[in-house]
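Fold and contact review
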Amino acid sequence: DVKVTQSSRYLVKRTGEKVFLECVQDMDHENMFWYRQDPGLGLRLIYFSYDVKMKEKGDIPEGYSVSREKKERFSLILESASTNQTSMYLCASIGQGRNEQYFGPGTRLTVT
Amino acid sequence: GENVEQHPSTLSVQEGDSAVIKCTYSDSASNYFPWYKQELGKRPQLIIDIRSNVGEKKDQRIAVTLNKTAKHFSLHITETQPEDSAVYFCAASLGGGGADGLTFGKGTHLIIQP
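So, here is what we can say about the structure in this document. (Residues numbered from 1 in each chain as written. Chains lettered and ligands numbered in written order. Predicted model: local features only at pLDDT ≥ 70, side-chain atom pairs only at ≥ 80, totals over all residues. Heavy atoms only, no water.)

Let's talk about the interface of chain A and chain B
Taken together, the 23 residues of chain A in the interface contact 20 residues of chain B. With both chains or domains summed, chain A and chain B bury close to 1700 Å², and 47% of this area falls on carbon and sulfur atoms. Linking chain A with chain B are zero salt bridges, by the criterion used here. Applying the counting rule to chain A against chain B returns six residue pairs in polar contact (both at pLDDT 80 or more). Contributions of two or more residues to the side of chain A that touches chain B are made by β4 (31-38), β5 (42-49) and β9 (87-94) of chain A. (Contact = heavy atoms within 4.5 Å. Buried area = accessible area lost by both parts, 1.4 Å probe. Salt bridge = Lys/Arg side-chain N within 4 Å of Asp/Glu carboxyl O. Polar contact = N/O pair within 3.5 Å; in protein donor to acceptor, adjacent residues only side chain to side chain. Helix = DSSP H or I, 4+ residues; strand = E, 2+ residues; numbered from the N terminus.)

Written out as structure tokens, the structure is:
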């Protein structure tokens, strides 16, 4: 059974802080993704990665960066958190040649 | 980039009736169209998907149809049950099977009335 875990379920940070959101998958998946989910807006792709040290911008990369130093771990970084980054952040992964993206439980980030 | 429109935003049906959710996409090169179900407080999960070389796919009470010419696809749920209550998201992808990431619609909140 695929397991995608995220480091925190709830996180509260202050404006201007540097924030790290961690995602780990245990299925040796090549591709990993970060989405944010906002009411009425659905899920929007922030960044994704094909492989270790590889990254690609999604639809809304501004204000975010990512890091993938190990295959199983994909980190989302908010260099200087702002209130408009308050959201639910979902990580996902998918195996090579497979269809289903497996999602983590999400991290609800509040920036005050 | 790709843009996916989803309607309606809320759908209320009587238990046992059918529900239909519709999506349109903008990029004719998109070739993979999944549907995800998200129950309250839980993560999205894939319920059915279709590729561009297929017009219809069915899995028990759920089915998806795709019209490539019109660039729209629909989710059909028959004999709805209380456990079908959830938010449903359609999505489209240019990459094979979503490997390049998915562009999601804004979601449909399906409410099954007893």
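Examining the state of the cysteines
Scanning the model with the defined rule gives two disulfides over all chains in all. Paired through a disulfide, Cys23(A) and Cys91(A) show a sulfur-sulfur distance of 1.9 Å. Disulfide Cys23(A)-Cys91(A): torsion about the S-S bond near -75°, hence left-handed. Here Cys23(A), found in strand β3 (residues 19-25), pairs with Cys91(A), found in strand β9; they are 68 residues apart in sequence, far enough to count as distant. Under the relative-accessibility criterion, Cys23(A) is labelled buried at 0%. Two residues, Cys23(B) and Cys90(B), share a disulfide whose sulfurs are 1.9 Å apart. Its torsion about the S-S bond being -100°, the disulfide of Cys23(B) and Cys90(B) is classed as left-handed. Pair noted here: Cys23(B) is in strand β3 (residues 19-25) and Cys90(B) is in strand β9 (residues 86-92), with a separation of 67 residues, a long-range link. Residue classification places Cys23(B) among the buried residues on the basis of a relative accessible area of 1%. (Disulfide = S-S within 2.5 Å. Buried < 20%, exposed > 50% of the residue type's maximum accessible area, 1.4 Å probe, protein only.)

Some words on unusual backbone geometry
The phi torsion of most residues other than glycine is negative, and most of the peptide bonds are trans. For the bond from His7(B) to Pro8(B), the omega torsion is -5°, close enough to zero to count as cis. Along the chain, Pro8(B) falls in the loop between β1 (4-7) and β2 (10-14). For Lys53(A), which is not a glycine, the phi torsion comes out positive at approximately 65°. Relative to the helices and strands, Lys53(A) resides in the loop between β5 and β6 (56-57). With a relative accessible area of 57%, Lys53(A) lands in the exposed category. Positive phi, normally seen in glycine, also occurs at Gln60(B), with a value near 55°.

Overview of the sheet that holds strand β8 (residues 73-78) of chain A
Residues and elements named next belong to chain A. In space, the four strands of this open sheet follow the order β1-β3-β8-β7, with antiparallel pairing throughout. At either end of the open sheet lies a strand with only one pairing partner, and these are β1 (4-6) and β7 (65-70). Between one strand and the next, the sheet's axes are offset by a mean angle of 20°, whatever the strand orientation. Two strands pair when backbone bridges link them, and β7 and β8 are joined in this way by four bridges, in the antiparallel orientation. From the neighbouring strand, Ser65 faces β8, where its bridge partner is Ile77. (Pairing = 2+ DSSP bridges. Axes fitted to C-alpha atoms, helices over the stretch in contact; angles between N-to-C directions.)

Some remarks on the pairing of strand β11 (residues 107-111) of chain A
All names here are of chain A. Of the two faces of β11, the one lined by Thr107, Leu109 and Val111 is fully buried and the one lined by Arg108 and Thr110 carries no buried residue. The pairing of strand β2 (residues 10-13) with β11 spans four bridges and is parallel. Across the sheet, the residue bridging to Tyr10 is Arg108, located in β11. Pairing analysis gives three bridges linking β9 to β11, with the strands arranged antiparallel. For Met88, the partnering residue across the bridge sits in β11 and is Arg108.

Details of the sheet that holds β1(B)
Residue and element names in this part refer to chain B. The antiparallel open sheet is built from five strands, whose spatial order is β1-β3-β8-β7-β6. In this open sheet, the two edge strands, each paired with only one partner strand, are β1 and β6 (56-59). Strand-to-strand twist of the sheet, defined as the mean angle between neighbouring strand axes without regard to direction, takes the value 15°. Bridge analysis of strand β7 (residues 62-67) against strand β8 (residues 72-77) gives six bridges, and the strand direction is antiparallel. Bridge pairing in β8 places Asn67 opposite His72.

These figures come from the coordinates and say nothing about function on their own.
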